[in-house]
Amino acid sequence: MANYASSGLLEKSAYIEAGGQGELTRWKTPGKSGYFTEKGVHFYPNVKREDIPILLNRDYKRLIFDFGEKYLFFREEILRCDRKIFLLNISPWQKFTAEKLVRELAEEEWGKVMPLFASAFASPKEKSQIEEAFHIHIMEITGICNAFAISGKSFSMMNQLLGENAPVKKKFSLNLTKRKR
């Protein structure tokens, strides 16, 4: 999503790993500034809760947070988000974990911004069971094999996740007229 916001929507974007998973540091080591850049996106690994207000006050148009399994610890930060997207791992061996997350989230007060549930590689059977049991819709994230090469087929899905409309490509014309010498 951060790559799409940066490349597709032309917004200054950051991806913030706040759940302490440490997955980003397996990919690259951050510089002295605490982040690394890839394809125009700033990636912040292992962000502490007290550092989030600093990031919120930077000039980013779009911040994508990954709270991991510690989402309840970051409840106040989640409540401040304009979009609340919870990615569920729905497979036969992870169905219990997905149900636990949905159950815990159902008990929360969200105000006017309701959470959106999404899943990549969902088992259709488990997905429909969770949807029926909790009266929710789980959006399927499809067709993204490489986060840095999102196909045009996925643009409308990314817009829906981010709550945006795709930018309209404007025709650029240069009006040249010949000068008389």
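Residues numbered from 1 in each chain as written. Predicted model: local features only at pLDDT ≥ 70, side-chain atom pairs only at ≥ 80, totals over all residues. Heavy atoms only, no water.

## Quick notes on the overall build of the chain
In plain terms, the rule: Labels follow the DSSP assignment, with helices taken as runs of H or I lasting at least four residues and strands as runs of E lasting at least two, numbered in each case from the N terminus. We call two residues in contact whenever any of their non-hydrogen atoms come within 4.5 Å of each other. In short, Shrake-Rupley with a 1.4 Å probe defines the accessible areas, and a residue's cover is counted only from the protein chains shown.
Regarding its fold elements, the chain presents seven helices and seven strands. Listing each helix as α and each strand as β along the chain from the N terminus yields α-β-α-β-β-α-β-α-β-α-β-α-β-α. Long-range pairs, those at least 24 residues apart, make up 63% of the contacts in the chain between residues at least 6 apart in sequence. Summing over all exposed atoms, the chain offers an accessible surface of approximately 12,400 Å²; the carbon and sulfur share of this is 52%.

## So, unusual backbone geometry
Applicable threshold: Relative accessibility under 20% of the residue-type maximum defines a buried residue, over 50% an exposed one, and the middle range a partly exposed one, all with a 1.4 Å probe and only protein chains included.
Of note, Leu10 is a non-glycine position whose phi angle comes to about 60°, a positive value. Turning to its location among the elements, Leu10 is positioned in the loop between helix H1 (2-8) and strand E1 (13-17). By relative accessible area, which is 71% here, Leu10 ends up exposed. Within the chain, His135 stands out as a residue other than glycine whose phi angle is a positive 55°. Tracing the backbone through its elements, the reader meets His135 in the loop between helix H6 (124-134) and strand E7 (138-141). For His135, a relative accessible area of 73% gives the class exposed.

## Looking at helix H7 (residues 155-162)
Since the α-helix advances by 3.6 residues per turn, residues separated by three or four positions end up pointing in the same direction. Residues of H7 that are buried: Met157, Met158, Asn159, Leu161 and Leu162. Of the residues one or two after H7, Gly163 is the one with positive phi, at around 70°.

## A closer look at the packing of aromatic side chains
Filter applied, for reference: The criterion for an aromatic pair is that two Phe, Tyr or Trp rings (for Trp, the six-membered ring) have centres within 6.5 Å, with stacked assigned to planes under 30 degrees apart, edge-to-face to planes over 60 apart and tilted to the rest. Only lysine NZ and arginine CZ atoms are considered, and such an atom sits over a ring when it is within 6 Å of the ring centre and within 35 degrees of the ring normal.
Applying the stated rule across the entire model yields ten aromatic pairs. Measuring from ring centre to ring centre gives 5.3 Å for Phe36 and Phe43, while their planes differ by 15°; the resulting arrangement is stacked. Of the two residues examined, Phe36 and Phe43, each falls in the buried class. Connected via pairs of aromatic rings, a cluster forms that spans Tyr15, Trp27, Phe36 and Phe43. Sitting over the ring of Tyr60, Lys12 keeps its end group 5.2 Å from the ring centre.

## Observations concerning the environment of Gln21
Take Gln21: it is sitting in the loop between E1 and helix H2 (23-27). Between the alpha carbons of Gln21 and Lys70 there is a distance of 9.4 Å; along the sequence they are 49 residues apart. The contacts of Gln21, once residues within four sequence positions are left out, are Arg26, Asn46, Asp66, Phe67 and Gly68.

## Some remarks on the confidence of the model for the chain
Convention followed: A score from 0 to 100, pLDDT tells how confident the predictor is in each residue.
Residues of the chain with pLDDT of at least 70 account for 83%, and the chain-wide mean is 78. When the elements of the chain are averaged for pLDDT, H7 gives the smallest value, 75, and strand E3 (residues 41-44) the largest, 92. Long-range and interchain partners of residues 166-178, a stretch whose pLDDT sits below 50, account for five contacts in this model, where long-range means more than four residues apart.

## Some points on the sheet that holds strand E5 (residues 85-87)
Rules: A pair of strands is considered paired only if DSSP assigns at least 2 bridges between the two. Note on method: axes are straight lines fitted to C-alpha atoms, helices fitted across the in-contact stretch only, with angles between N-to-C directions ranging 0 to 180 degrees.
Here we have three strands laid out as an open sheet, ordered E5-E6-E7, and parallel in their pairing. Single-partner strands in this sheet number two, and they are E5 and E7. Geometrically, the sheet is characterised by an average inter-axis angle of 35° between neighbouring strands, direction not taken into account. Relative to strand E6 (residues 116-120), E5 runs parallel, the two being bridged by three bridges. Residue pairing in the sheet places Phe86 in a bridge with Phe117 of E6.

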